[in-house]
Amino acid sequence: MALVVQKFGGTSVGNIDRIRNVARRAIATQKAGNDVVVIVSAMSGETNRLLALAHEVVKVPDAREMDVIASTGEQVTAALTAMAIQSEGGQARSLLGHQVKVLTDGAFTKARIKAIDGSKIFDATKKGEIVVVAGFQGVNESGDITTLGRGGSDTSAVAIAAAISADACEIYTDVDGVYTTDPNICPSARKIAKISYEEMLELASLGAKVLQIRSVEIAMKYGVPVHVRSSFNDAPGTWVTREDKSLEDVVVAGIAYDKGDARVHVTGVEDKPGVVAELFGALAEKNISVDMIIQNATKGHNERADVTFTLPKTDLARGRPFIDEVGKRLGALEVRYDEDIVKVSIVGLGMRSHAGIAAKMFRILATEGINIQAISTSEIKVSCVVAAKYTELAVRALHDGFGLEKTVGPTP
Ligand code: ASP
Ligand code: MG
């Protein structure tokens, strides 16, 4: 007998028929001899609708009230799902975040979970009930409703699974699992059978949107086995687990791309101590986090340097006046902005023990005539910034070049 957490995303509860499917799946899992805890998202589109309503009333809504509104989407689905289970002959009870209780800090709209009490959940499962918990929501010390940030139901599910020591956390979604890259732009993309937390974290933060990043961090911290799979069929999906020998041998597990960054060139600043510190100090003060940074000395005798860096497009409008100003202060010849870029990344545990992976990536891009504008690396990742128009070409070439369409991934 196992304890299973099943989380259903927005499209999986998008209408009443689908909610009935969720109910049937939960009942079948229970009948197979498991205790079942279901975590639900809002019906697809609902959270966006609620947030838009708030913005109709006021341009910058109060964050506390925002969470009171946003949390209702999940409240509705939780009750509907519990009713659907009952109408299919099962026993069920819905619990909201504060009823469980999912205690969070007070950062409205992006709260972090501090503690989860599993006792109400266990009381219900002991009685043979399927517990349906509203995802995305919690409660702070003062009893205010909080939400966990967009996509936060994933985090609710994994955190609850950790708190009640569940044997597995199944994340049901509208895709079959985690793919080697985005199948929409690379037809030979393949479902990955098993991937490590570390790789999943890199892929998630590089723009692969299957799981909220925070949920992967929690899964890794507490060792929760996560199974990402489709709610529309019974095929096994992707297991996200601790690394093991079979995973370490995979040099490149996946390829991600992210169009969310912009590139800034600050050209011809003085090449002397303190210049870069002043530039990035000014950005840090404005709470703007930069990603890649390159500094190169320019030719000539007047000892000038160019600094290139990337930052989120969403921070560009806000950051631009400061960057222009510091540029002037530092005597820059020019400050240029480029939003038509994409960051393409290869991720794999095997990079730690194989040399020449970055060089191979550069060669593949060069063969396609794609110029690399910036590079960054970590232990298990290499990222290149290229012109946005090359997104598909770069992803496909790397996917082929590293043989990802052929790799038979390790089986769980
Ligand atoms: N309903 C929330 C959202 O759309 C949380 C979630 O679905 O995970 O972001
Ligand atoms: Mg989601």
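Please refer to the structure higher up on the page.
Quick summary incoming for the structure in this document. None of these values were measured; they are calculated from a predicted model.

1. Examining the site of ligand 1
No. 1: Contacts to ligand 1 come from Ser41, Ala42, Thr47, Glu74, Phe136, Arg150, Gly151, Gly152 and Ser153.
No. 2: Between Gly151 and ligand 1, the recorded distance is 2.8 Å, taken from a backbone N or O atom to an oxygen atom.
No. 3: At 3.3 Å, a backbone N or O of Gly152 approaches an oxygen atom of ligand 1.
No. 4: Compared with its free state, where it exposes 260 Å², ligand 1 has 86% of that area covered by protein.
No. 5: Tallied by class, the residues present in the shell around ligand 1 amount to 2 nonpolar, 5 polar and 2 charged.

2. Details of the sheet that holds strand E15 (residues 293-297)
Strands in a sheet are paired, the pairing made by backbone hydrogen bonds, and the direction either parallel or antiparallel.
No. 1: Overall, antiparallel pairing links the 4 strands, which are arranged E15-E16-E14-E17 in an open sheet. Two strands bound the open sheet, and with one partner strand each, they are E15 and strand E17 (334-338). In this sheet, adjacent strand axes meet at a mean angle of 15 degrees when their direction is disregarded.
No. 2: By the bridge criterion, 8 bridges tie strand E14 (residues 261-270) to strand E16 (residues 304-312) in an arrangement that is antiparallel.

3. Let's talk about the packing of aromatic side chains
No. 1: Under the defined criterion, the tally for this structure stands at 2 aromatic pairs.
No. 2: Between Phe8 and Tyr172 the ring centres are 4.7 Å apart and the planes differ by 10 degrees, which places this aromatic pair in the stacked class. Of the two residues, Phe8 sits in strand E1 (residues 3-8) while Tyr172 sits in strand E9 (residues 168-173), which places them 164 residues apart along the sequence. The same class applies to Phe8 and to Tyr172, which are both buried.

4. A look at the environment of Val132
No. 1: Mapped onto the secondary structure, Val132 falls in strand E6 (residues 130-134).
No. 2: Overall, Val132 belongs to the buried group, its relative accessible area being 0%.
No. 3: In this structure, the C-alpha to C-alpha distance between Val132 and Met220, residues 88 residues apart in sequence, is 24 Å.

5. Regarding unusual backbone geometry
No. 1: Cis rather than trans, the peptide bond between Val100 and Lys101 has omega equal to 5 degrees.
No. 2: By the element assignment, Lys101 lies in the loop between helix H5 (97-100) and strand E4 (102-104).
No. 3: Of note in the backbone geometry, Thr109 takes a positive phi value of approximately 70 degrees without being a glycine.
No. 4: Mapped onto the elements, Thr109 comes out in the loop between E4 and strand E5 (113-116).
No. 5: One non-glycine residue with positive phi stands out, namely Asn287, at about 60 degrees.
No. 6: Mapped onto the elements, Asn287 comes out in the loop between helix H11 (275-285) and E15.
No. 7: For Asn287, a relative accessible area of 65% gives the class exposed.

6. Concerning the packing of helix H2 (residues 46-57) against helix H3 (residues 63-70)
No. 1: Where H2 contacts H3, the two axes come as close as 9 Å, and the packing angle between them is 140 degrees. Our classification of the angle between H2 and H3 gives oblique. Crossing hand, H2 versus H3: right-handed. Residues Leu50, Leu51, Ala54 and His55 of H2 form the contact with H3, whose participating residues are Met66, Ile69 and Ala70.
No. 2: In the contact of H2 with H3, the residues fall into 6 nonpolar, 1 polar and no charged.

7. Examining the nonpolar core
No. 1: Judged by nonpolar contacts, the single largest core of 44 residues is most densely connected at Val5, Val37, Ile121 and Val226.
No. 2: When residues in this core are grouped by element, the largest group, 5 residues, is from helix H7 (residues 153-163).
No. 3: Ignoring anything within four residues of it in the chain, the contact list for Val37 reads Leu3, Val4, Val5, Gln6, Ile121, Thr125, Val131, Val133 and Ile164.
No. 4: Core analysis: the next-biggest nonpolar cluster, separate from the first, contains 23 residues, Val251, Val344, Ala394 and Phe402 among them.

8. Considering the sheet that holds E1
No. 1: Spatial ordering of the open sheet is given by E3-E6-E2-E1-E9-E11-E12-E10, a layout of 8 strands whose pairing is mixed. Each edge of the open sheet is held by one strand with a lone partner, namely strand E3 (92-95) and strand E10 (194-196). Between one strand and the next, the sheet's axes are offset by a mean angle of 20 degrees, whatever the strand orientation.
No. 2: This element, helix H4 (residues 72-87), spans strand E2 (35-40), E3 and E6 of the sheet and lies at about 165 degrees to E6.

9. Remarks on the pairing of E16
No. 1: Burial analysis of E16 places 7 of its 9 residues in the buried class, the great majority of the element.
No. 2: The pairing of E15 with E16 spans 5 bridges and is classified as antiparallel. Within E16, the residue paired with Ile294 across the bridge is Thr308.

10. With respect to H4
Note on helix geometry: an α-helix contains 3.6 residues per turn, so any two residues three or four positions apart are oriented the same way.
No. 1: For H4, spanning 16 residues, the distance from its first C-alpha to its last is 23 Å, which sits close to the expected 22 Å at 1.5 Å a residue.
No. 2: Listed as buried for H4 are Gly73, Glu74, Thr77, Ala78, Thr81, Ala82, Ala84 and Ile85. Buried residues of H4, seen end-on, are gathered within an arc of 160 degrees and therefore sit on one face of the element. Of the exposed residues in H4, the ones pointing more than 90 degrees away from its buried face are Met83 and Ser87.

11. A word on the packing of H7 against helix H9 (residues 213-222)
No. 1: Running from N to C, H7 and H9 point in directions that differ by 15 degrees, and their axes come no closer than 8 Å. As the angle between them shows, H7 and H9 are arranged roughly parallel. Between H7 and H9 lies a crossing whose hand is left-handed. For the pair formed by H7 and H9, the contact residues are Asp154, Thr155, Val158, Ala159 and Ala162 on the first element and Arg214, Ser215, Ile218, Ala219 and Tyr222 on the second.
No. 2: Looking at the contact of H7 with H9, its residues break down into 6 nonpolar, 2 polar and 2 charged.

What counts, and where the lines are drawn
Residues numbered from 1 in each chain as written. Chains lettered and ligands numbered in written order. Predicted model: local features only at pLDDT ≥ 70, side-chain atom pairs only at ≥ 80, totals over all residues. Heavy atoms only, no water. Near = heavy atom within 4 Å. Polar contact = N/O pair within 3.5 Å; in protein donor to acceptor, adjacent residues only side chain to side chain. Areas by Shrake-Rupley, 256 points an atom, 1.4 Å probe, with all protein chains shown as cover. Nonpolar A, V, L, I, M, F, W, Y, C, P; charged D, E, K, R; others polar. Pairing = 2+ DSSP bridges. Helix = DSSP H or I, 4+ residues; strand = E, 2+ residues; numbered from the N terminus. Axes fitted to C-alpha atoms, helices over the stretch in contact; angles between N-to-C directions. Phe/Tyr/Trp six-rings, centres within 6.5 Å; stacked < 30°, edge-to-face > 60°. Buried < 20%, exposed > 50% of the residue type's maximum accessible area, 1.4 Å probe, protein only. Parallel < 35°, antiparallel > 145°, perpendicular 65-115°, else oblique. Left-handed = near helix turned anticlockwise from the far one by under 90°. Contact = heavy atoms within 4.5 Å. Core = buried A, V, L, I, M, F, W, Y, C linked by side-chain atoms within 4.5 Å. Expected span 1.5 Å × (residues − 1). Arc of directions from axis to C-beta.

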